[in-house]
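Coordinates in review
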Amino acid sequence: MHEVRFNPLINQWIIVAKHRAVRPWRPEEKQTSFQCPFCPGAPELKHLDKWDVVVLPNKYPALIPNPPSVEQEEFSLYTKREARGIAEVVVETPSHEGDLYTLSLDHAVRVVEAYRSEVLKLSSLDFIEYVAVFRNKGKEIGVSLTHPHSQIYALPFIPPRIKQEIESFREYREKTGSCLLCDIVKYELNYKKRLIYSNDEFIVLIPHYAMWPYEVHVYPLKHIKSLRDFNEREIRALADALRVVTAMYTVLLERDAPYIMAFHDHPAKGSYEYHFHVEFYQPYRDKEKLKYAAGIEWGYWVFTYDGVPEERAVELREACRKTVSLLDDVMGRCFE
Ligand code: ZN
Ligand code: ZN
Ligand code: FE
């Protein structure tokens, strides 16, 4: 079964994928029978001679290009559709351990290039409305395979969070004539207290409106709508920013840190008011304690921020300075 069901109470699609329930949960790696599907020599990769970044179809896809047709229920309020889409995995390195920051800058650039070419390819398919590029890391987040990888979901609808952002960008443009994120970038560069890091093309900051204690956003300095419009310089600078943020989390927690990385890109079709950016959510509120999304967050979508973003930014800047002294090939600088 591959279908999307519409929740008329909150105007959202839910992807229903029966076979995903059987996917393995963190297979015991010490067992001799365990073979990592992303390590060299795995059946999925046998056909490749030499590789450093490879895009594979997701073995347990939430969406497939040719799902069986869906039968509607009698009740007219209950809408469903085929979950027609594509789910892919970007295996970032042949090495079984690591993160974006353990890759060289050149290698991380090839990862971002792979994201870009997949977004270009998948956006052009007639049944795709949105291409989501994201990366989950750590058992706290529920990652079932530890081999460094990110994921791409090409969806038959625009995700609600992106819809909401587009609406805000549109309203702001109508009211002021400017881009919402361009104005935020301008303000933050001047205000400085929430800035963490910058290179020639991006700033890294804790947003004024952070929901997670160490939430970090990566904003292009220039007005760019989509990853599809990035030039070589911008791809390189984004790879640099992603390495710094992922390393900084590990320096901050003093251990391999879990996080969620989500690219917020322009939809595949049409032309909307938008400004590309990347958001990172990190589940800890200090070195030991997890911040859970619970009653008020899940039940109401109301977030409580533990602490003050401006104070957390001081901590992150300190971690940033340690980070850049440890990493090779850093392109930018941490703010003082
Ligand atoms: Zn592996
Ligand atoms: Zn802009
Ligand atoms: Fe966003």
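Residues numbered from 1 in each chain as written. Chains lettered and ligands numbered in written order. Predicted model: local features only at pLDDT ≥ 70, side-chain atom pairs only at ≥ 80, totals over all residues. Heavy atoms only, no water.

1. A few points about the environment of Tyr 78
Tracing the backbone through its elements, the reader meets Tyr 78 in the loop between strand 3 (54-57) and strand 4 (80-82). The class of Tyr 78 is partly exposed, set by a relative accessible area of 42%. C-alpha separation for the pair Tyr 78 and Pro 8, spaced 70 residues apart in sequence, amounts to 7.7 Å. If sequence neighbours within four positions are ignored, Tyr 78 has contacts with Gln 72 and Glu 73. (Helix = DSSP H or I, 4+ residues; strand = E, 2+ residues; numbered from the N terminus. Buried < 20%, exposed > 50% of the residue type's maximum accessible area, 1.4 Å probe, protein only. Contact = heavy atoms within 4.5 Å.)

2. Some words on the coordination of the zinc ion (ligand 1)
With distances of 2.0 to 2.3 Å, the protein atoms coordinating the zinc ion (ligand 1) are Cys 36 (SG), Cys 39 (SG), His 96 (ND1) and His 147 (ND1). When the donors of the zinc ion (ligand 1) are listed by position in the chain, the intervening gaps give C-x2-C-x56-H-x50-H. Of this pair, His 96 sits in the loop between strand 5 (86-91) and helix 1 (105-123) while His 147 sits in the loop between strand 6 (130-137) and strand 7 (149-155), placing them 51 residues apart in sequence. By relative accessible area, which is 1% here, His 147 ends up buried. (Donors = N, O, S within 2.8 Å, 3.2 Å for Na, K, Ca; no water.)

3. Focus on the state of the cysteines
Counted according to the given criterion, the structure contains 1 disulfide. Two residues share a disulfide in this structure: Cys 320 and Cys 334, whose sulfurs sit 2.2 Å from each other. Disulfide Cys 320 to Cys 334: torsion about the S-S bond roughly -80 degrees, handedness left-handed. On the criterion of sequence distance, the pair formed by Cys 320 in helix 6 (residues 309-326) and Cys 334 in strand 13 (residues 333-334) is long-range, its members being 14 residues apart. The pair formed by Cys 320 and Cys 334 is uniform in burial state, with each residue classed as buried. (Disulfide = S-S within 2.5 Å.)

4. Structural notes on the sheet that holds strand 8 (residues 195-198)
Strand order in this open sheet of 10 strands is 3-5-7-6-11-12-10-9-8-13, and the pairing throughout is antiparallel. Across the chains shown, the open sheet's two edge strands, defined by having one partner strand only, are strand 3 and strand 13. With 4 bridges connecting them, strand 6 and strand 11 (residues 259-264) associate as antiparallel partners. Bridging across to strand 11, Asn 136 finds its partner in Ile 260. Sheet contacts for helix 6: strand 8, strand 10 (216-220) and strand 13; angle to strand 8, the most-contacted strand, approximately 30 degrees. (Pairing = 2+ DSSP bridges. Axes fitted to C-alpha atoms, helices over the stretch in contact; angles between N-to-C directions.)

5. What about the side chain of His 264?
Among the secondary structure elements, His 264 is positioned in strand 11. Looking at His 264, the relative accessible area reads 5%, which means it is buried. Among the polar contacts made by the side chain of His 264, one reaches the side chain of Glu 279 at a distance of 3.1 Å. Those residues in contact with His 264 that sit more than four places away from it in its chain are Tyr 130, Arg 161, Ile 162, Glu 165, Tyr 274, Phe 276, His 277, Glu 279 and Tyr 281. (Polar contact = N/O pair within 3.5 Å; in protein donor to acceptor, adjacent residues only side chain to side chain.)

6. A few points about the packing of helix 1 against helix 4 (residues 232-253)
At a minimum axis separation of 8 Å, helix 1 and helix 4 run at an interaxial angle of 115 degrees. As the angle between them shows, helix 1 and helix 4 are arranged roughly perpendicular. In the crossing of helix 1 with helix 4, the sense of the turn from one axis to the other is right-handed. Between helix 1, through Leu 105, Asp 106, Ala 108, Val 109, Val 112, Glu 113 and Arg 116, and helix 4, the contact on the second element is made entirely by Ile 235, Arg 236, Leu 238, Ala 239, Asp 240, Leu 242 and Arg 243. Classifying every residue of the contact of helix 1 with helix 4 gives 8 nonpolar, no polar and 6 charged. (Parallel < 35°, antiparallel > 145°, perpendicular 65-115°, else oblique. Left-handed = near helix turned anticlockwise from the far one by under 90°. Nonpolar A, V, L, I, M, F, W, Y, C, P; charged D, E, K, R; others polar.)

7. Quick notes on the packing of aromatic side chains
In total, this model carries 14 aromatic pairs according to the counting rule given. Ring geometry for Phe 169 and Tyr 274: centres 5.1 Å apart, planes at 55 degrees, overall tilted. A residue pair is termed long-range when its members are at least 10 positions apart, and Phe 169 in helix 2 (residues 160-176) and Tyr 274 in the loop between strand 11 and strand 12 (277-281) qualify at 105 residues. The same class applies to Phe 169 as to Tyr 274, namely buried. Taken together, the ring pairs in this structure connect Tyr 115, Phe 202, Phe 230, Phe 263 and Phe 276 into an aromatic cluster. Positioned above the aromatic ring of Phe 335, the side-chain terminus of Arg 333 is 4.9 Å from the ring centre. (Phe/Tyr/Trp six-rings, centres within 6.5 Å; stacked < 30°, edge-to-face > 60°. Lys NZ or Arg CZ within 6 Å of the ring centre and 35° of its normal.)

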